[in-house]
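# Structural features, examined
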Amino acid sequence: MQRIWCFAVLLCAGSFGLALDGCSGGGSATAPAPPAVQVAISGSKDVRVGMQVQLTATVTNSTVSTVAWQVNGIAGGSSAIGTISTTGLYTAPATIPSGGSVTITAASETSPVVTATRVESIWNPSPTITAAAAISAGATSSIFILDVTGSGFVPGASIQVGGNSVPSSVVSPTEVQAAYTASSSQLGQVVGVDVANPDPGASVSSSLNVKLTQQAAVAAPARFLDQTSFGPTLSGIQHVRQIGLASALAEQFSEPATVLPPLPATDPAQCTNNEQLCVSSEWLQAILTGNDQLRQRVAFALTEIFVTSTDMVNARAETTYLNMLSADAFTNYRKIMEDVTLSTSMGLYLNMLNSAKPAAGQIANENYPRELMQLFTMGIDKLNDDGTFQLDSNQHPLPNYTQADVQSFAKAYTGWTFANSDGTAPTKYPNPPSVGAYLYPMMAVESEHDTSAKTISFASSLPSGQTAAQDLKGALDDIFNNPSVGPFVGKQLIQHLVKGNPSPAYVARVTAVFNDDGSSQHLRGDMKAVLTAILMDTEARAADSDPVVDGGHLREPILYLTDVMRALGFTVTMPDPTNPYPYISLIGYPATLGEQPLRPQSVFNFFPPEYVLPGTDIDAPEFALENTASVILRLTLGNALSQGKLTGFSANLSAASPLGLIASTPGTGPADLVQLLNQLLMHGQMPVQMQTAITNAVSGIADNGQKVRVAVYLVITSSQYKILN
C-alpha cells in the first residue's frame, strides 16, 4: 500500500513558499467543520399519575451539558400536565391529561434550537386497598355489598373476587363497591378480594380476605355512627360492628383533626368579596370526607353553643375559629371557654374585641359577658345537677347572676384587640386588623384594661391592679366553677348528639362526670370523659336493642343533607384541580331549610335548646325550624338526593350500581334492596309495615335504577327517617 505523508507545519503555501507532494500548491488550508451538537433523552417512557420518573438529557459535541426542560412547550410544566425540575425529575399530574400523554422537550442551553423530545405516557395509579367488608342484604340473603376502601381507584376500577371481576361502582378514589351473589358453598366462608384498575397501565392491588356472613341488621353500629359522625357509611357500619363501640370511640379520640387551610391573601375567584362561601366549602368538605368524624361532629355542636356567624364576622376569622373548636373538642371545657373568649371570631361577633376600659360614670361593653353566662356556660337560672331549675319558696327559678355581675365581668374583659400580623402583641389600641391577624387570638394592651376591683355575687371578687390576662383567668375560672355549668352544657351536648329530650337522670349522670371525670386527678370539664358518658349512657344506647324506645331528635337540615350524601356515596361530579372550593354548590340546600352553614342569624343559634313542641312538654330544639314550608322544601331536597343529583355532586343510583344490581335479583331483589337501605339509613329498625309498603311500591317498577331511586325517596322523606332515633 502506498502511503503519502504530508507534513505541512505551515509549509504548504507558507511563508517559505514551499510545496510538498500531496499538498495543494499555493492555496490556504480549510479547517474541518466541528461536529453538530446533539441532545438525547433517556429514562422510562411511562409513569403513573402523581408519581415521578427521572429523565436524563445527554448533550454531545458541546462543552456545556445542561439543558432547559419543557412539558408540552411550557418551561418547567404545570400541575395539569406535570412538572419537571432542572435535573429532569418529572412529576406526573394528579389526573391523566387529555390524550393520555405529554411531550417532554430538552433544549441545549448553548444551542436552544437543538432539542430532543419524547412522548411520556401517563398511566392510571396502582390501586391499594386497606380494608374490605362484605355486608349482607339480609339475614337470609345470598347477596352481599362488597365495600373496599383504599387509594388510587379510578373510573372503571372493579372489585375482583377470587380473581374474577364483579360489576362495580367507584364511589370515590378511596372507595369501590360491588354487589356479589355468593354461591351456597361460599356462604359463611372467606373469599379473597382485590381491586383492578383499567388501562392505561392496568394493575391489580394486593388481596384481602372477607367473610361472607349472612347477618341481620344490627342497630348499635349504625346508631352509634349517626350520633358520632355526619352519617353512617356501609364500611363504617361494618368496621364498628367488628371492633365494637368502645374501640370505635377510642379510635375517634385518637384521630388527628382535619385542618381547614386559611384563605389566600387575595380573595379566590370563587368567593370574591364573599369569603364566607369558600370557608363554608372547606368546612363542608371536612365534615363530609374527614376521618375525624366525631371531632368534627362535636366541634359542630360547639359552634351551636358558642355561636358566631359569618353574617357579621369576617370569614377569615371563622376559619381559625373552626380549627380551634375541632382542636379543642377533646380537651377541657375550661380551655374551650378561654380559646373562644380570645378568638377574633367571638371578639368581633359579641364586641369584646376593642372593648376598652370605660370612662368615669360609664360601663364597658356587656355583650360578651352576658352571653357567655346566659348561653355558653350556666344559663340565666340556677340548675340542679339533673338540669331542672332550683326554685325559691314561691316556686320561682333562682337567678344565677345579677346585672352587677355582668358589668363586673364586662370590666374584666377590657383591653383586648387584634394581634399584629405575625401574632405578636400590639402597642396601639385599637390595633387595625390585617389578614394575618385573623390567624391568632386577640392580644391585650394593658393601658386599655380596667384595673379596678370587680365584685362578683356568686364567686370570688377580682382584686384591683390585675393585668388583663389575670382578670380574664379569674373571671373564666369563676364561671367555669359555677355548679350550673355541668348540667347546662351536658344537656345541650346530649341534645346535639343523642336526643332532644333527655331524662333528668341522664343529665344528672353526665353532670356527675363533668364535675369529676373519675380519674385520680378528679378533672372537671374533661371533654373525653363527658362525651364517653353521653354516648355510652344506657339512655343513649337503649334503642340499640329496642327500636320502640322513645327518644332521638329531628335531623337538622345540615345533618339531613350530610347523612344521605355519605350513605349514598355522593362525590364531586367533575373534579377540577384548579377549583379547591367545589362544595360551595351545597350551601344552598340546607339554607333553604333555615340552616345556612356557619351563618345563624342570631346568637341564639338556628334553633334554641329550650324549644318545646307546641301543646307538649317535650324539648325538641330542631323542631323550631320545622313548619309547613320547610316540610315541603325537605321533600324537594329528598327528591334531589334520591335522584343522585345535586349541583356539582352525584351518586350512582343506576341499574348498574350495587343497589341497582341487588334490585334486579329475580324474586328477592326489591325486598333485599329495602333491607339494605334499612341497614344503611335506618339502623335496621324500619317498621315491618314500612318495609312491606316500600317493597310493594317498587316491585312493579321495570327499571332497576328507578326501583332504587324510588325506594331511597320513600325512606329519606319518611317521618321515621327524619327523626334520628
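Only a predicted model underlies this, so the values are computations on that prediction, with no experimental measurement involved.

About the thresholds
- Residues numbered from 1 in each chain as written.
- Predicted model: local features only at pLDDT ≥ 70, side-chain atom pairs only at ≥ 80, totals over all residues.
- Heavy atoms only, no water.
- Helix = DSSP H or I, 4+ residues; strand = E, 2+ residues; numbered from the N terminus.
- 1 Å grid on protein atoms, 1.4 Å probe; cavity = no way out; pocket = protein on both sides within 12 Å on 5 of 7 lines; lining within 4 Å.
- Points joined across faces, edges and corners; volume = space filled by probe spheres on them.
- Core = buried A, V, L, I, M, F, W, Y, C linked by side-chain atoms within 4.5 Å.
- Buried < 20%, exposed > 50% of the residue type's maximum accessible area, 1.4 Å probe, protein only.
- Expected span 1.5 Å × (residues − 1).
- pLDDT = per-residue confidence, 0-100.
- Contact = heavy atoms within 4.5 Å.
- Pairing = 2+ DSSP bridges.
- Disulfide = S-S within 2.5 Å.

## Details of the environment of Phe 230
Assignment of secondary structure puts Phe 230 in the loop between α1 (219-228) and α2 (234-243). On a C-alpha basis, the gap between Phe 230 and Ile 558 in space is 8.8 Å, while along the polypeptide they are 328 residues apart.

## Focus: empty space enclosed by the protein
A complete count under the given rule lists 5 cavities of 30 Å³ or more for this structure. Taken as a whole, the largest cavity spans an internal volume of roughly 100 Å³. As for the largest cavity, its lining consists of 13 residues, of which Thr 303, Thr 308, Leu 598, Pro 600 and Phe 606 are closest to the centre. Secondary-structure elements contributing two or more residues to the lining of the largest cavity are α5 (293-303) and α6 (315-328).

## Looking at the nonpolar core
Formed by 143 residues in total, the largest nonpolar core has its most connected members in Phe 306, Tyr 333, Tyr 413, Leu 641 and Leu 646. Core analysis: the second largest hydrophobic core is formed by 21 residues, Val 39, Trp 69, Ala 92 and Val 114 among them.

## Looking at helix α12 (residues 485-497)
Spanning 13 residues, α12 covers 18 Å between terminal C-alpha atoms, matching the ideal 18 Å at 1.5 Å per step. In terms of burial, α12 is a largely internal element, 12 of the 13 residues being buried. Where α12 is concerned, the buried positions are Val 485, Gly 486, Pro 487, Phe 488, Val 489, Gly 490, Gln 492, Leu 493, Ile 494, Gln 495, His 496 and Leu 497.

## Looking at the confidence of the model for the protein
Counting all residues, the mean pLDDT for the protein is 93, and 96% of those residues have values of 70 or more. The low-confidence segment residues 1-26 (pLDDT under 50) makes 15 contacts with residues lying over four places distant or belonging to another chain.

## Structural notes on the sheet that holds strand β9 (residues 89-91)
Across the sheet, which stays open at both edges, the 4 strands sit in the order β3-β9-β8-β7 with antiparallel pairing between neighbours. Strand pairing shows two members of the sheet lacking a second neighbour, β3 (52-54) and β7 (77-78), which therefore form its edges. Judged from the 2 bridges that link them, β7 and strand β8 (residues 82-84) form a sheet pairing that is antiparallel. Note that in β8 the partner of Gly 77 across the bridge is Thr 83.

## A look at the layout of surface pockets
Empty space within the second largest pocket amounts to approximately 560 Å³. Together, 25 residues line the second largest pocket, and Gly 379, Phe 488, Gln 492, Pro 609 and Glu 610 are the ones closest to its centre. Looking at the lining of the second largest pocket, the elements with two or more residues in it are α9 (367-377) and α12. The element best represented in the lining of the second largest pocket is α12, accounting for 5 residues.

## Description of the state of the cysteines
The final tally for this structure, using the stated rule, is 1 disulfide. The side chain of Cys 271 participates in a disulfide bridge whose partner is Cys 278; the two sulfur atoms lie 2.0 Å from each other. On the S-S bond that ties Cys 271 to Cys 278, the torsion sits near -105°, and the link is left-handed. When sorted by exposure, Cys 271 lands in the same class as Cys 278, which is buried.

## Remarks on unusual backbone geometry
Each neighbour pair has its own omega, and for Asp 199 with Pro 200 the value is 0°, a cis peptide bond. One can find Pro 200 in the loop between β18 (190-197) and β19 (203-204). Omega for the bond connecting Tyr 429 with Pro 430 falls within 30 degrees of zero, at -10°, which places this linkage in the cis form. Along the chain, the position of Pro 430 falls in the loop between β21 (416-417) and β22 (443-444). A positive phi is found at Asn 72, a non-glycine position, where the angle reads about 50°. Along the chain, the position of Asn 72 falls in the loop between β5 (67-71) and β6 (74-75). Even without glycine at this site, Asn 354 takes up a positive phi of about 65°. Residue placement: Asn 354 occurs in the loop between α8 (344-349) and α9.

## Some points on the sheet that holds β6
Sheet architecture is open: 5 strands sit in the order β2-β11-β10-β5-β6, paired in mixed fashion. At either end of the open sheet lies a strand with only one pairing partner, and these are β2 (46-48) and β6. Relative to strand β11 (residues 115-123), strand β10 (residues 101-108) is paired through 7 bridges, and the arrangement is antiparallel. By the bridge assignment, Ile 104 is partnered in β11 with Arg 118.

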